Amino acid sequence: MTTTTQVTGEAVSARGDLIGRFGPRLNEIGLLAAIVLLYVVLGSTAAGFLSLDNQLGLLRNAAVIGIAAWGVTLVIVAGEIDISIGPAVAFASVIVAKGATEWNLGVGGAIVLTLVMGVLWGALAGWLRARFNVPSFITTLGLWSVLGGLALYMTDALPVPLPESAVFDVLGGSVLGVPTAALVMLVLFAVFAYVSRYTAYGRSVFATGGNAAAARLAGINVSRVRIVLFATTGLLAAITGVLMAARLGSGNGGAAAGLEFDVIAAVVIGGTALAGGRGSLGGTFLGVVFITVIANGLVLLGVNSFFQDVVRGLIIVAAVLVNVIISRRESAHRLT
């Protein structure tokens, strides 16, 4: 009996040591393994999946999700949510197209106007959250409706062609064979990974998500953190909108429909806790790759477009369950 108890105790201890050592990375390790498995399966079953053109297309599609996902990661780490990404991207594409054509601002002026407006509408959502304590879900839901409605109203739901421009050609094309949007995504990833890990602002975001009241007592300006967070997601949505317009050759009020769900799914699949206080840009990066590869594989396999939404929904639910299980095990280990 004593021997059995001792063996059992050693097994539990070993499992606890494993969770303590790799707990924060278990989700990322599993996600990386899942991506490798997807490449093996799709490479052998989906014609053209491993081709260079398809892999470059994967990078381009990942950028649409990834650029916004970097900002949304920090928003969710802070215990907030932003569901306005899709309409914000569509509205930004309309603004840059209108600015470069009908408003005679020129290409540079139109891009600057779009980015400034992105910061402003994001900051407004953050200010409403910080000043009046309106739940971020409600503020961004309102923004979702306003920006989506304005984008369609201003264009009569029709595309607004961009003027001929070398700038738009580069933004919508590639540099040294790599899609420009993917390069922008990777540069921004490096910036946000550094900010979240090595700056006082990054630590403030995690502290706010862990316990906002305690963060205030520690001298952190929680209101300012929230305003900056949403202003940042507004800017990233605007950048995505400019890149999307350049790629499509027009601004479109109906573009990026449902993008907010892919972004949030990538962040959650990457291991960021919906309750706040835990997450990483590295995990989100893997989540973006996972979501993009799944979507690409389903298309190449000829899966019905409506059923693709079913698969995406199941993946999101499964990811949340895994997230919750890992969080509970980490909490249990800390208490022992």
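Since this is a predicted model, take the numbers as computed values, not measurements.

Turning our attention to the overall build of the protein. Secondary structure assignment for the protein yields 13 helices and four strands. Radius of gyration (C-alpha) of the protein: 21 Å, near the 20 Å computed for a compact globule of 336 residues. Taken along its principal axes, the extent of the C-alpha atoms in the protein is 85 × 55 × 35 Å. Considering the protein as a whole, with its 336 residues, one finds that 46% of them fall into the buried category. Carbon and sulfur atoms make up 69% of the accessible area of the protein, which totals about 16,100 Å². Taking the average location of the 18 positive side-chain charges in the protein and that of its 14 negative ones, the two points are 13 Å from each other.

Side-chain pairing between opposite charges can occur once the charged atoms of the two side chains come close. Going through the model one piece at a time under the given rule, you end up with three salt bridges. One salt bridge in this structure joins Lys-98 and Glu-102, with 3.1 Å as the shortest N-O distance. Judged by relative accessible area, which is 9%, Lys-98 ranks as buried. The network of salt bridges with common partners includes Glu-80, Arg-129 and Arg-226.

Scanning the model with the defined rule gives three cavities of 30 Å³ or more in all. Estimated volume of the largest cavity: approximately 100 Å³. Lining the largest cavity we find 14 residues, and of these Arg-60, Ala-181, Leu-243, Met-244 and Arg-247 sit closest to its centre. Residue composition of the lining of the largest cavity, grouped by class: eight nonpolar, four polar and two charged.

A complete count under the given rule lists seven aromatic pairs for this structure. Between the aromatic rings of Tyr-39 and Phe-49, the centroid separation amounts to 5.0 Å while the plane-to-plane angle is 65 degrees, which identifies the pairing as edge-to-face. Residue Tyr-39 is found in helix 1 (residues 2-45), and its partner Phe-49 is found in the loop between helix 1 and helix 2 (52-77); the two are separated by ten residues along the sequence. Residue Tyr-39 is classed as partly exposed on the basis of its relative accessible area, which comes to 27%. Judged by centre distance (5.3 Å) and plane angle (90 degrees), the rings of Trp-127 and Phe-132 are edge-to-face.

What follows covers the nonpolar core. Core analysis: the biggest nonpolar cluster contains 73 residues, and Trp-70, Leu-259, Val-263 and Phe-290 have the highest contact counts within it. Here this core gets 14 residues from one element, more than from any other, and that element is helix 2. Leave out the neighbours within four places in its chain, and Val-263 touches Ile-65, Ala-68, Ala-69, Val-72 and Ile-85.

Attention now goes to a nonpolar patch on the surface. Taken together, the side chains of Leu-32, Val-36, Leu-37, Val-40 and Val-41 define a hydrophobic patch exposed on the protein surface, amounting to about 450 Å² of accessible area. Considering the arrangement of structural elements, one finds Val-41 in helix 1. Since its relative accessible area comes to 40%, Val-41 is described here as partly exposed.

Moving on to unusual backbone geometry. A positive phi is found at Asp-156, a non-glycine position, where the angle reads about 55 degrees. Here Asp-156 lies in the loop between helix 5 (136-155) and strand 1 (160-161). For Asp-156, a relative accessible area of 62% translates into the label exposed. Although it is not a glycine, Leu-176 sits at a positive phi angle of roughly 55 degrees. Its location among the elements puts Leu-176 in the loop between strand 2 (174-175) and strand 3 (178-179).

Further remarks concern the environment of Ala-215. With respect to the helices and strands, Ala-215 occurs in helix 9 (residues 212-217). Spatially, the C-alpha atom of Ala-215 lies 28 Å from that of Leu-321, the residues being 106 residues apart in sequence. Every residue in contact with Ala-215, bar those within four places of it in the chain, is listed here: Ala-207, Thr-208, Ile-220 and Val-222.

Let us now look at the side chain of Glu-260. Among the secondary structure elements, Glu-260 is positioned in helix 11 (residues 259-269). Residue Glu-260 is classed as buried on the basis of its relative accessible area of 3%. Within the structure, Glu-260 has its side chain in polar contact with the side chain of Trp-144 (distance 3.0 Å). For Glu-260, the residues in contact, after removing those within four places along its chain, are Ile-83, Ile-85, Gly-86, Pro-87 and Trp-144.

Glancing now at helix 7 (residues 180-198). For helix 7, built from 19 residues, the straight-helix expectation of 27 Å at 1.5 Å per residue is met to within 8% by its first-to-last C-alpha distance of 27 Å. Thr-180, Ala-181, Ala-182, Met-185, Leu-188, Phe-192 and Ser-196 are the residues of helix 7 that are buried.

Attention shifts here to the confidence of the model for the protein. Per-residue confidence for the protein gives a mean pLDDT of 90; residues scoring 70 or more make up 90%. Note that pLDDT drops below 50 for residues 7-16; the model gives that stretch one contact with residues more than four away or on any other chain.

Cut-offs used in this document
Residues numbered from 1 in each chain as written. Predicted model: local features only at pLDDT ≥ 70, side-chain atom pairs only at ≥ 80, totals over all residues. Heavy atoms only, no water. Helix = DSSP H or I, 4+ residues; strand = E, 2+ residues; numbered from the N terminus. Rg over C-alpha atoms; globule rule 2.2 N^0.38 Å. Buried < 20%, exposed > 50% of the residue type's maximum accessible area, 1.4 Å probe, protein only. Areas by Shrake-Rupley, 256 points an atom, 1.4 Å probe, with all protein chains shown as cover. Lys, Arg positive; Asp, Glu negative; His and termini not counted. Charge placed at Lys NZ, Arg CZ, Asp CG, Glu CD. Salt bridge = Lys/Arg side-chain N within 4 Å of Asp/Glu carboxyl O. 1 Å grid on protein atoms, 1.4 Å probe; cavity = no way out; pocket = protein on both sides within 12 Å on 5 of 7 lines; lining within 4 Å. Points joined across faces, edges and corners; volume = space filled by probe spheres on them. Nonpolar A, V, L, I, M, F, W, Y, C, P; charged D, E, K, R; others polar. Phe/Tyr/Trp six-rings, centres within 6.5 Å; stacked < 30°, edge-to-face > 60°. Core = buried A, V, L, I, M, F, W, Y, C linked by side-chain atoms within 4.5 Å. Contact = heavy atoms within 4.5 Å. Patch = residues over 30% accessible without salt bridge, like charges linked within 9 Å, V, L, I, M, F, W, Y side chains within 5 Å. Polar contact = N/O pair within 3.5 Å; in protein donor to acceptor, adjacent residues only side chain to side chain. Expected span 1.5 Å × (residues − 1). pLDDT = per-residue confidence, 0-100.

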